[in-house]
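Architecture at a glance
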Amino acid sequence: MSDKDKLISEEDGVGLSRKLTRKDINIRPPWYLGPGFLLFWVLLFFAVVIPLFYRLPTSLTIEDDNEGEFIGDRAYNTLNNLVNIGPKVTGSNANEVDAVAYLLNEIADIKKELLEELFTLEIDIQKATGSHIYYDMLEMYQGVQNIVVKLSPKRSTSESYLLVNSHFDSVANSPAAGDDCFMVATMLEVLRVMATTRQSFEHPVVFLFNGDEEMGMQASHGFITQHKWAPNCKAVVNLDAAGSGGREILFQTGPSHAWLATYYKESAKHPFATTLAEEIFQMGLVPSDTDYRIFTRYGNIPGVDMGQAINGFIYHTKYDRIDVIPRGSIQNTGDNLLSLVRNLANATELHDTEAYKNGQAVYFDFLGLFVINYSEETGKTLNYCAAGATLILVFISLWRMSAVARLSSCGVWQRLIMLVTLQIIAFVLALGMPLLVAYVFDSFGLSLTYFSSPALLIGLYICPALIGLGLPITIYYQSQQNNKLPITYHLQLALHSWVVVLALLAIGGTAYGLRSIYIITILIIFYGISLALNLLTTLHDRGYSWAGLVIASQVMPFLYNSYLFYIFIVVLTPMNGRSGSASNPDTTIAALAALGAVTSFGFLLPLTNIFRRPWSVLLTLLLVTGVTIFLACGTQIGFPYRQRTNSARHVRRIFYEYDGSVSKDDSGYLFNFQDRRQAQAFPGVNLTGAISQTSNCDTHMMCGVPLFDERWVGNRLQGMWLPREEPIVPPTPANLELLSKTVLNDTKTVRFEFRLTGPNYLSLFVQAYEDDYVTVSDWSFSRSYLEQKPALPLSYHMYITYGSNAPLEFSLDLTKANGDFNVPLFQLGVSSHNIGNKGDEHSVKFASTFPSYAVITDWPSLYQRYIF
């Protein structure tokens, strides 16, 4: 044997002989297997992850009549009846009369079947009036309805109740099959099963069917702050929806009650949960909220928050119909809910929840097959130990490389440090390249091209992320072909450097308090296992033999991470698409796709350097990206719209001056675009004369228009005003009456008293002339909101919802140092909304010109600005 081909051998500390030949090292598979290697993992995703993600159980029929089990078909029939009522807006006859009557009839039927020897069933109809602070608004409500049912075991003496909640109201244009009739029907069936089977439980269960969630979670606030049973409610199961027709996801638990996740794990027959969803939701990255926040904040009770989240494209639209909900979906939710409620109703922790307040939980399901959960403290220990143990294994591996290759340890460590630097660069490129694509597309007005064709995400974001992730390591690997260190060791070092980066991220993220670091810990553990096995055998030093264990160890992490990030792309794509036009939604989706690619392929992509011509892999990815960009930009495939929601108001504005004269009285259409493309999404619609709201926002309090809620306020600068000649006459205008103006005893404060009447939805905007040293010192509204002074240019915003209408009388106290009250002191804006009314014939005709994919949420509004 020549010197060139001689054996490189070394004896290790336990006497094992490690042999490498340059001939063995240079045996590499053909180049075309490199792209095939990546294709294998893509096919694995579609063969395993996708079927499990969309898997649903078979719905039980009424004929099955399995005692004690949730009957999906019966719940589906209930859902159909609720949907047939139509849109159920708070204050409407459909919500306050029809829906209430239907629910009471269903509950009465359940009471007839009640096992009276075991249970009692009490029904209470609550009409609540109150207020709470939400964002920068004061949410006020009057006469909103709750249907409250308490199911109690006769033999129990427990004074601790379990609360189960969902809402039966809807937005204006939606039959609300998914949001939230689905959960109401599920609750009714759970109540029926528990009341009519002999399986008892310890704690009474309160079923809250609340009649006002959509307009600011007001009915839940009315219950938890005022109802006679509320003080006894010790935990809550909240049910809501931001989609329709799939599996429900557990996306919030606690706070600070890890035992709730354990009960979910033990109960859920079809689990779907992740701590990452909880952290994303609580960071405010999801443009939505639920009653769960009301219960935990104002009731100070822990709980779980579960909701439908698949197919969010139809959320709050006329397409939220029962025909998009398979029966298996309601069976899935019913099985989980029935089991969870039964277990929680027997929970020892309910007797004294404060005693079990032991921190947050880490929880996640694996492909919907099972749940893993543990406490946050256990998670910290696991994260630190996994990172530390794997770093030790990397140190041992480096020592072995140095010994076998007869190189100094310093030389091997230098290469590792260089590779760690390259991996950090690769990580930045993997995130940066998809974000760059998102930015460029948005700059050319081409955001949301993937919205109706999600397959485009592969070429637009995933392939660029993989290119960025693989480029630095491929360049490095190709530059080390004639290095003294065997080339296979360079590839192992590349993987070692990646796990070092992950370990540093795990340590830093854990120290910061991120529970979702478990995602990185999974990657570290599985790579650490493969490395340990390679070190315990001769595989570590036998050419590319070690790669087999690495590949096998990555199957589970790949399946989980691709599953996890697919969840968030599916859920957040429609959510971000309707989150308003102020920000680019593509950046969020690009970041999620990039993170999914990085966590799924971080240990796999460097292995493509085992094959000949590894550049072929990067070129293949580049080709896919190029073809996708062409399809997205140059064909109808990239046209984003199928079903979209945009908001418009038919507005009349009247500005009254200090002397009572009218300085402005005009009418027009006010647009609050829900997506990034704004008006360009509606080719063919005559928007001639439309102007941006920016100038109005600079000169008028609250832009001089009837901003409806926090979303309208947040998106106000992106609003558009289209004047029209015909005056708009709201069917129920607001009327503000000044009852009195009284200077109080201190002579520096004046009190104004008003009476306000109008439709079921009103807003008051109050802004003092602070330049003249005027302040609002007191009022008849919430004192805590008065002290939470909004930052200019925003005003105080009182948002008022009536379940049953009645005049609102209120007072404002203004203080001025010089006591001169015969000058303008403050502006008062009255915004009134006739929700459910489509307006006059001109408005109906104009709305009909929008394309079929546009869902227009519109109604007549009146804005009156007064100066007092």
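Anyway, here's the lowdown on the structure attached to this text. A quick note: this is a predicted structure, and the numbers were derived from the prediction, not measured. (Residues numbered from 1 in each chain as written. Predicted model: local features only at pLDDT ≥ 70, side-chain atom pairs only at ≥ 80, totals over all residues. Heavy atoms only, no water.)

With that out of the way, let us pick up a nonpolar patch on the surface. Where nonpolar side chains cluster on the molecular surface, the patch consists of L39, V42, L43, F46, I458 and V624 and spans about 490 Å² of accessible area. Here the nonpolar patch takes four residues from helix α2 (residues 33-53), the largest share from any one element. Along the polypeptide, F46 turns up in helix α2. (Patch = residues over 30% accessible without salt bridge, like charges linked within 9 Å, V, L, I, M, F, W, Y side chains within 5 Å. Areas by Shrake-Rupley, 256 points an atom, 1.4 Å probe, with all protein chains shown as cover. Salt bridge = Lys/Arg side-chain N within 4 Å of Asp/Glu carboxyl O. Helix = DSSP H or I, 4+ residues; strand = E, 2+ residues; numbered from the N terminus.)

According to the stated counting rule, one finds 28 salt bridges in the structure shown. A salt bridge links R755 to E737; the nearest nitrogen and oxygen atoms lie 3.3 Å apart. With R755 in strand β17 (residues 749-757) and E737 in strand β16 (residues 735-743), the pair connects residues that are 18 residues apart, well separated along the chain. What makes R755 partly exposed here is its relative accessible area of 29%. On the basis of relative accessible area, E737 is assigned to the partly exposed category, the value being 36%. Of the charged contacts, one joins D778 and R783 as a salt bridge, the two residues approaching to 3.2 Å between their closest N and O atoms. (Buried < 20%, exposed > 50% of the residue type's maximum accessible area, 1.4 Å probe, protein only.)

An ideal rise of 1.5 Å per residue puts 38 Å on 26 residues; helix α14 (residues 487-512) measures up with 38 Å between its terminal C-alpha atoms. Within α14, 20 of the 26 residues are buried, leaving the element largely enclosed by the surrounding structure. (Expected span 1.5 Å × (residues − 1).)

Let us now look at the packing of helix α11 (residues 376-405) against helix α12 (residues 409-443). Following both chains from N to C, one finds α11 and α12 inclined at 130°, their axes separated by 9 Å at the closest point. Considering their axes alone, α11 and α12 lie oblique with respect to each other. As for the relative orientation of α11 and α12, their crossing is right-handed in sense. From α11, V394, F395, L398, M401 and S402 reach across to α12, where they touch S409, V412, W413 and L416. The residue makeup of the contact of α11 with α12, split by class, is seven nonpolar, two polar and no charged. (Axes fitted to C-alpha atoms, helices over the stretch in contact; angles between N-to-C directions. Parallel < 35°, antiparallel > 145°, perpendicular 65-115°, else oblique. Left-handed = near helix turned anticlockwise from the far one by under 90°. Contact = heavy atoms within 4.5 Å. Nonpolar A, V, L, I, M, F, W, Y, C, P; charged D, E, K, R; others polar.)

Looking now at the nonpolar core. Core analysis: the largest hydrophobic core is formed by 119 residues, its most contacted members being Y461 and Y518. If we skip the residues at most four places from it in the chain, Y461 touches P434, V437, A438, Y450, D586, I589, A590 and A593. (Core = buried A, V, L, I, M, F, W, Y, C linked by side-chain atoms within 4.5 Å.)

This brings us to the side chain of N672. Its location among the elements puts N672 in strand β13 (residues 662-672). Judged by its relative accessible area of 3%, N672 is buried. Here N715 takes part through its side chain, which lies 2.8 Å from a polar atom of the side chain of N672. (Polar contact = N/O pair within 3.5 Å; in protein donor to acceptor, adjacent residues only side chain to side chain.)

All right, on to the environment of G668 then. Looking at where G668 falls in the secondary structure, it is placed in strand β13. You can call G668 buried: its relative accessible area is 0%. Distance from G668 to N336, taken between C-alpha atoms, is 49 Å for residues 332 residues apart in sequence. Residue contacts for G668: discarding those within four places in its chain leaves R649, H650, V651, W721, L722, P723, R724 and I728.

The next thing to look at is the packing of helix α15 (residues 518-536) against helix α17 (residues 555-577). Packed helices, taken two at a time, are described by the angle between their axes plus the distance between the axes. It is the contact of α15 with α17, at a shortest axis distance of 10 Å, that shows an interaxial angle of 165°. Overall, the two elements α15 and α17 adopt an arrangement that is roughly antiparallel. The interaxial crossing formed by α15 with α17 has left-handed handedness. Residue-level inspection shows Y518, I519, I522, L523 and F526 of α15 in contact with α17, the latter providing M556, P557, Y560, N561 and L564. Across the contact of α15 with α17, the residue classes tally to nine nonpolar, one polar and no charged.

This brings us to the sheet that holds β16. Judged by pairing direction, the sheet is antiparallel, and its four strands sit side by side in the order β16-β17-β21-β19 without closing on themselves. Whereas interior strands pair on both sides, the edge strands pair on one side only; in this sheet they are β16 and β19 (774-779). Along the sheet, successive strands turn relative to each other by an average axial angle of 30°, direction set aside. (Pairing = 2+ DSSP bridges.)

Here the second largest pocket defines a volume of roughly 1100 Å³. Elements with a minimum of two residues in the lining of the second largest pocket: α2, α13 (456-479), α17, α18 (585-601) and α19 (615-634). Looking at the lining of the second largest pocket element by element, the count peaks at nine residues for α2. Of the residues that constitute the lining of the second largest pocket, the class distribution is 35 nonpolar, eleven polar and three charged. (1 Å grid on protein atoms, 1.4 Å probe; cavity = no way out; pocket = protein on both sides within 12 Å on 5 of 7 lines; lining within 4 Å. Points joined across faces, edges and corners; volume = space filled by probe spheres on them.)

Moving on: the pairing of strand β5 (residues 161-167). Side chains on a regular strand alternate between the two faces of the sheet. The buried fraction of β5 amounts to seven of the seven residues, a majority that puts the element mostly inside the structure. The side-chain alternation of β5 yields two buried faces, one formed by Y161, L163, N165 and H167 and the other by L162, V164 and S166. Where β5 lies against strand β7 (residues 233-241), five bridges are found, and the strand directions are parallel. The partner of L162 across the bridge, within β7, is A235. In terms of strand pairing, β5 meets strand β6 (residues 205-210) through six bridges, oriented parallel. What sits directly across from L162, in β6, is V205. Note on the crossover from β5 through helix α5 (residues 177-196) to β6: the handedness is right-handed. (Right-handed = clockwise from strand over helix to strand, strands pointing away.)

Attention now moves to empty space enclosed by the protein. What the rule picks out here adds up to six cavities of 30 Å³ or more. Taken as a whole, the largest cavity spans an internal volume of roughly 70 Å³. Looking at the largest cavity, the residues that line it are V362, Y374, E376, G379, K380, N383, T510, G513, L514, R515 and Y518. Ranked by residues supplied to the lining of the largest cavity, first place goes to α11 with four residues. Here the residues of the lining of the largest cavity are counted per class, giving four nonpolar, four polar and three charged. Looking at the second largest cavity, its volume works out to about 60 Å³. If you go around the second largest cavity, the residues you meet are A648, H650, Y669, F671, S843, F846, A847, F850, I856 and D858. Mapped by element, the contributors of at least two residues to the lining of the second largest cavity are β12 (644-656), β13, α23 (841-847) and β23 (854-867). Among the elements that line the lining of the second largest cavity, the one with the most residues is α23, at three residues. Grouping the amino acids of the lining of the second largest cavity by side-chain chemistry returns seven nonpolar, two polar and one charged.

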